[in-house]
Every structure is written in C-alpha cells, then in structure tokens.
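Summary of the model geometry
Each chain, written out:
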Amino acid sequence: MRQLRTFEAVLRHGTVTDAAVALGLAPSSVSEQVRSLERSLGVDLFVRRPGGMRPTAAGERLRGWARRLLADAEAARRDVAAVPETVRLGALETIAATYVPRVAARLAAERPGLDVALTSSVSRAALLDGVLDGSLDAALVLDSGGPLGELGYPVPSGALEHVDVEPVPLALVAAPGHRLAAAAGLEPVDLRGERLLVNVPGCSFRYAGERLLGEVVERVEAGGVPVLRSWAAQGLGLALLPEFAVSDDIAAGTLARLDLDVPALALRLVFRAGSDADDDLRALLYAVVAPDTL
C-alpha cells in the first residue's frame, strides 16, 4: 500500500521531488519505492525524463487499480475504526458565506452522518489543484454554464468533472443618480465610456464583466465586493456583482440596478474524474442537484 500511495503521488505531481514534498518523504525514498514496485511487477511504470515522470502503458493500467485499492483501504480503515465518512469541500471565499452552508446541508441530508469538512480560499487555482492532488474531494467555484473554465480562468491539466448546482444571478449596479439608472433595455454599447469597477485579475465577476462588456468600458481596479459596492454607491463607477451582495442596497435605494441583460454564473461543484471512490462520490455530489433536494 505504501508503494501504491507513492506511485499515485508521482502520477499526480509528475516529478519525484514534488511527490516527495506532498508525502513528506525524501526524494530518494520516493524513487526507491517506485523502483521496488517496478521490480515486483517486472515492468517499467514510468518514462523518466529531465522534466518529470510520464507513465508508461503499464503505469496507466496500474493507475485505476491503485486508486481503487487505496480507496478500499481507506474505506476499510474508516469502517473498522468507526471513523465518520468525510467529504472535504473547498470553496471560493466570495461564495463561502452564502452558498456553501446550503450545499453542505444538502450533502448531509443526502448522507446522514456525513462530516463535511470545509475550506475557503481566494485562489481558484489552489482549489482546483487541491481537487487534483486529492487534498479536496470537491470544490465550489463560479463559472459560465459551458465547459469548465469557459468563464476565462485557466484550468489545470488533469481530469476534472463538474456538476452545476444552481445559477448565481448577477446585477450591474450604479449610484441612484447615474445617467443610465432610469434607462430601459440597455445594450453593452450604451455603456461606452463608463468606468467598470473590478476586483483583482482572476475574480469571477471580473471575468464575467469582460465577457459581457468587452472593451466598451474602462476598468478601474478597486478591491473586493464590499469596496466595489461602496464605490459604486458613491458614483465612482459601475460594478458587476452577485445579486445576493447588492439586493439589500437596491431595495434601500442606495444602488440602482441597470436594465442590462446579464447572464447568470453557475455555481459549480468540481471533482476529479476517476477519483478514489469515484462512483460513490460522484453519486453523492450529483445528488445535491436532484429536484427533491433543491
């Protein structure tokens, strides 16, 4: 089992050095465990190159076996030690407060006794890497409704699956006295020359603004959601934000929602294709979007 864990780590990380860091071992120990596994099987599992390790055909065949055996071993450990089943769920900080509790509750309702371990991060890349390296079972991110990463963010190499949980409506807002606040049926071209307040590069709402408005607006980096909301209310520019973050301000009249058709984003659960216990995990994650759980 130790050799299989080491083999799987080298597969995931692509180099002995990175696998050693992930496992907390010396690189020489990782190399020896892989060589010992190869000797016991009588085949080469990796093509060794200066830039890293690539699995051979035999290594690819062992990949699925290794993950199934490791998953069975972990399931046996949990059963014998009476350890509660755990799903490790990561999420972007921007949606952690609003959407994560609902998704965690759906998971727990689908599987009574399930322990949902939550992690939030400002880095989408860190979440997706966590899914790929097995430190997370799934991650909640925002995307368009198309292929993973269609919103514009880079997708790491590796087999990832996703299921869309629910739409996340967006609103383009401005100060109540803005020249377009009372205009009906706006098109993106009507915003030419306006200033769009944005968060740092990589923000989901910034990506959505770029897809929606292209180059017709000037972009002004302001900060996170609270700063964008405050600056927009003070007439410093427009802001494209999730509806849940501005609904109270719109109702109170401190922000005006512009009448522009804005496509919603998708709240997306991302998990590793062919991951450990993949069939059971996939069934559990897909269950959170079943009609009777919404």
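This one's a predicted model, so the numbers in the text were calculated from it and none came from an experiment. (Residues numbered from 1 in each chain as written. Predicted model: local features only at pLDDT ≥ 70, side-chain atom pairs only at ≥ 80, totals over all residues. Heavy atoms only, no water.)

Bringing the packing of aromatic side chains into the picture now. Evaluated as defined, the whole model comprises 4 aromatic pairs. Ring plane angle 75° and centroid distance 5.6 Å describe the contact between Tyr 99 and Phe 244, whose orientation is recorded as edge-to-face. Of the two residues, Tyr 99 is situated in the loop between helix 5 (93-96) and helix 6 (100-110) and Phe 244 in helix 10 (residues 243-252); the sequence distance between them amounts to 145 residues. By relative accessible area, which is 5% here, Tyr 99 ends up buried. (Phe/Tyr/Trp six-rings, centres within 6.5 Å; stacked < 30°, edge-to-face > 60°. Helix = DSSP H or I, 4+ residues; strand = E, 2+ residues; numbered from the N terminus. Buried < 20%, exposed > 50% of the residue type's maximum accessible area, 1.4 Å probe, protein only.)

Let us look at the nonpolar core. Within the largest apolar cluster, 71 residues are counted, with the highest numbers of intra-cluster contacts made by Leu 107, Leu 140, Leu 172, Leu 267 and Leu 269. In terms of nonpolar packing, the next biggest core, distinct from the first, is built from 18 residues, Leu 11, Leu 37, Leu 62 and Leu 70 among them. (Core = buried A, V, L, I, M, F, W, Y, C linked by side-chain atoms within 4.5 Å.)

Turning next to the environment of Glu 32. Considering the arrangement of structural elements, one finds Glu 32 in helix 3 (residues 27-41). Accessibility expressed as a relative area gives 33% for Glu 32, which makes it partly exposed. Note: C-alpha distance between Glu 32 and Gly 223 (191 residues apart in sequence) is 49 Å. Among the polar contacts listed, one links the side chain of Glu 32 to the side chain of Arg 39, at a separation of 2.8 Å. (Polar contact = N/O pair within 3.5 Å; in protein donor to acceptor, adjacent residues only side chain to side chain.)

Looking now at the sheet that holds strand 7 (residues 170-174). Across the sheet, 5 strands lie side by side as 9-8-10-7-11; this open sheet has mixed pairing. Strands at the two margins of the open sheet, each flanked by one partner only, are strand 9 (218-221) and strand 11 (256-257). Alignment of strand 8 (residues 195-198) against strand 9, held across 4 bridges, turns out to be parallel. Paired with Leu 197 across the bridge in strand 9 is Val 220. Contacting strand 7, strand 8, strand 9 and strand 10 (238-242), helix 8 (residues 204-213) crosses the sheet at an angle of about 120° to strand 10. With respect to the sheet, helix 9 (residues 225-233) is in contact with strand 7, strand 8, strand 9 and strand 10, its orientation differing from that of strand 10 by roughly 140°. (Pairing = 2+ DSSP bridges. Contact = heavy atoms within 4.5 Å. Axes fitted to C-alpha atoms, helices over the stretch in contact; angles between N-to-C directions.)

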